[in-house]
Amino acid sequence: MESVKIGFVPAHREPFGEDWASKMRKRCLDVFAKIPGLEIVVPDESLTDRGFVRNDADATKVISLFQKEKVEGVIIGAMTFGDEVPRWPSPRFP
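Let us look at the structure shown here. Note that the structure is predicted; figures quoted are calculated from it, not measured.

**Overview of the pattern of salt bridges**
Thought 1: Evaluation of the coordinates by the stated rule reveals 5 salt bridges.
Thought 2: For K5, the salt bridge identified is with E39, shortest N-O distance 3.9 Å. With K5 in strand β1 (residues 4-11) and E39 in strand β2 (residues 38-41), the pair connects residues that are 34 residues apart, well separated along the chain.
Thought 3: Exposure remark for E39: the relative accessible area of 37% places this residue in the partly exposed category.
Thought 4: Its salt-bridge partner being R54, residue D49 comes within 3.3 Å of it at the nearest N-O pair.

**What to know about the side chain of D58**
Thought 1: Relative to the helices and strands, D58 resides in helix α2 (residues 56-69).
Thought 2: For the buried D58, no salt bridge is present, and the opposite-charge side chain at shortest range is K61, 4.4 Å distant.
Thought 3: The contacts of D58, once residues within four sequence positions are left out, are T48, F52 and V53.

**A few points about helix α1 (residues 18-33)**
Thought 1: The first and last C-alpha atoms of α1 sit 22 Å apart over 16 residues, in line with the 22 Å expected at 1.5 Å per residue.
Thought 2: What α1 keeps buried is the set A21, R25 and F32. Along the axis of α1, the buried residues cluster in a sector spanning 40°; they form a single face. Facing away from the buried side of α1, by more than 90 degrees, are the exposed residues D19, W20, K23, R27 and A33.
Thought 3: Of the surrounding elements, those touching the buried residues of α1 are β1, β2 and β3 (73-78).

The rules behind the values
- Residues numbered from 1 in each chain as written.
- Predicted model: local features only at pLDDT ≥ 70, side-chain atom pairs only at ≥ 80, totals over all residues.
- Heavy atoms only, no water.
- Salt bridge = Lys/Arg side-chain N within 4 Å of Asp/Glu carboxyl O.
- Helix = DSSP H or I, 4+ residues; strand = E, 2+ residues; numbered from the N terminus.
- Buried < 20%, exposed > 50% of the residue type's maximum accessible area, 1.4 Å probe, protein only.
- Lys, Arg positive; Asp, Glu negative; His and termini not counted.
- Contact = heavy atoms within 4.5 Å.
- Expected span 1.5 Å × (residues − 1).
- Arc of directions from axis to C-beta.

Take it as geometry only, folks, not as evidence of what the structure does.
Pasting the structure below:
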């Protein structure tokens, strides 16, 4: 079976509950693990606080991880609530 490597961005917005976000992150990873041929690349607690992407600094770290791992696609999951303010194009990533 052919596999695909996908990056997962567990986005978290403060001040919403981190414990809830952690549970949602785990639930997503548990479901992804059941999909045959799917390899998930996700930030862990050594890369970002609790493995979440909260800000541009975290996003930059995760972009580097995804480039290093050569992911073929990205899933962005709002573990609590996303930042509804559009920021594209970004000065950092035009």
